[in-house]
Every structure is written in structure tokens, then in C-alpha cells.
Amino acid sequence: MRGNLHRMSDSLPIFVFDKDGVIVESEPIKLRLFEELFAKEHAEHVPAVREFNRANVGMARRDKLVHVLGNVIGITEDLEREIDQYLDRSYHFVKEALLKAPSVAGVLPFIQESPHTKYVCSSALHAEVVDQLQALDIEDLFTEVYAFPDKKAEVLSALKERHPGRPIVFWGDTILDYNASQKAQVTFIGVRKPDGNPFADLGVHTIPDFADGAALHAWITEETGG
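Let me sum up the structure you'll find in this document.

Thresholds, definitions, all that
Residues numbered from 1 in each chain as written. Predicted model: local features only at pLDDT ≥ 70, side-chain atom pairs only at ≥ 80, totals over all residues. Heavy atoms only, no water. 1 Å grid on protein atoms, 1.4 Å probe; cavity = no way out; pocket = protein on both sides within 12 Å on 5 of 7 lines; lining within 4 Å. Points joined across faces, edges and corners; volume = space filled by probe spheres on them. Helix = DSSP H or I, 4+ residues; strand = E, 2+ residues; numbered from the N terminus. Axes fitted to C-alpha atoms, helices over the stretch in contact; angles between N-to-C directions. Left-handed = near helix turned anticlockwise from the far one by under 90°. Contact = heavy atoms within 4.5 Å. Nonpolar A, V, L, I, M, F, W, Y, C, P; charged D, E, K, R; others polar.

1. Considering empty space enclosed by the protein
Phase 1: Counted by the stated rule, this structure contains 2 cavities of 30 Å³ or more.
Phase 2: Within this model, the largest cavity holds a volume of roughly 210 Å³.
Phase 3: Lining the largest cavity we find 22 residues, and of these Asp20, Glu27, Lys30, Met59 and Arg61 sit closest to its centre.
Phase 4: Contributions of two or more residues to the lining of the largest cavity are made by helix H2 (27–36), helix H4 (61–72) and strand E2 (118–125).
Phase 5: For the lining of the largest cavity, the element with the most residues is H2, which contributes 4 residues.
Phase 6: Empty space within the second largest cavity amounts to approximately 30 Å³.
Phase 7: Taken together, Lys30, Leu33, Phe34, Leu37, Arg61, Ser90, Phe93 and Val94 form the lining of the second largest cavity.

And the structure:
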């Protein structure tokens, strides 16, 4: 029986999950804490930091720091050192709050019960992603975890080469995720939020959460043939 299940899973689509906003309801926490990171030393720049931060949801934190420290705050001396220091500081600054973030509705049983080969592909720091997967006790359910500095489009393209002939299904919650799926030419499912759908007018299949796993699997089978 186990051998039959193994052969079945070898023919199924590959599932790839972003982390923030897809596995964990952590995006609002990360947005707020990123802004608070500058409140003590650069309070006068926090409004500009907030504006940039909210306009670039899903951008890798280091890329945000490059802009904020270099362009908003205007640091010129030892900029790279400052970026690396803030990046390290941010990991410890957000860790406790992130580990308390709830999982997206239905995602844990969906991941646990799906026999598909599964990956995580996030722009968050690798240690941060692993911390949360371990806290949710699902790390071992993924074949591999990709995170910063990995680029999502490159990861998705590499997975296509790694699993020739098998569809790739990628879940994301931002336009950056959608753009990566388009570049890699893989099937995309958008996870929309109550306060807005960034994929409106794009013809993207979206879900509010993973509560209706049967319907989700049915759509995937119809879309990919697997």
C-alpha cells in the first residue's frame, strides 16, 4: 500500500507555498514591526518608511532596508554594514511576535493531508521561515525550504527542471508572488485578504483561505490535469 501511495504522489503536481500570508497570518505583524524598527533612532523618518513599506508588501526585507537606509534616511557612510546590522537586528526584533502569529485557516490540515511533494518559497529570512515551520510542527512535511536570498522566480524555474513533466502550483498573497509565477510560467493561486484582493482584474484564481480543501484540490485537478 505504501508503495502505491509513493507512486501516486510521484505523479501529482508539486505544491509550493509562500510563508507570510499563505501559511501564517504574519504580514500585518511584519509590516508594523519593520516600521517600529526605526522608531527609536529615526523617528522623524517613520512616516516615509511606513509609506514605502505598505506600498511594497512582499519585498525582501534586505531590499527594503537598502531603500530605507540609503534613500529615506540617507545613510551614505558604511551603508552595507548598516544594512547587515539592521537585517540581523530585525530577525531578533520580530521573532517573538511572529511565532505567536496564527496559521491561515485550513492550511495546516491541507498541508498535512496532501500527498503532494511540497516546498516553501519565501522572501523572508531563512532562519525566520524555519522558526515558524518548526513552531507549527510542519517543517518535516516539506522537501526543501527556500528563502532569502533565493529569488522566487528562479526557485520556481529550478523546481520545474527538477520535476520535469509535473505541474507546479504556487500559492502567494502579493503581486510580487504573482509576477514570479508568471516569469517561471507556473500555475498560481492567490490568497486574498478581507481588506483587499491585489489580484483583482488579473484573472487569477483566488481563495480566502484553505478551509475548503476538497474544492481547492478539485480546481487544481481541473486546471493541471493532475
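From this point, the narrative continues.
2. A look at the packing of helix H3 (residues 46–55) against H4
Phase 1: Taken N-terminus to C-terminus, the directions of H3 and H4 make an angle of 145 degrees; their axes are 11 Å apart at the nearest point. Remark: the crossing between H3 and H4 carries right-handed chirality. Taken together, the residues of H4 that come into contact with H3 (itself represented by Ala48, Val49, Phe52 and Asn53) are Lys64, His67, Val68 and Val72.
Phase 2: Residue composition of the contact of H3 with H4, grouped by class: 5 nonpolar, 2 polar and 1 charged.

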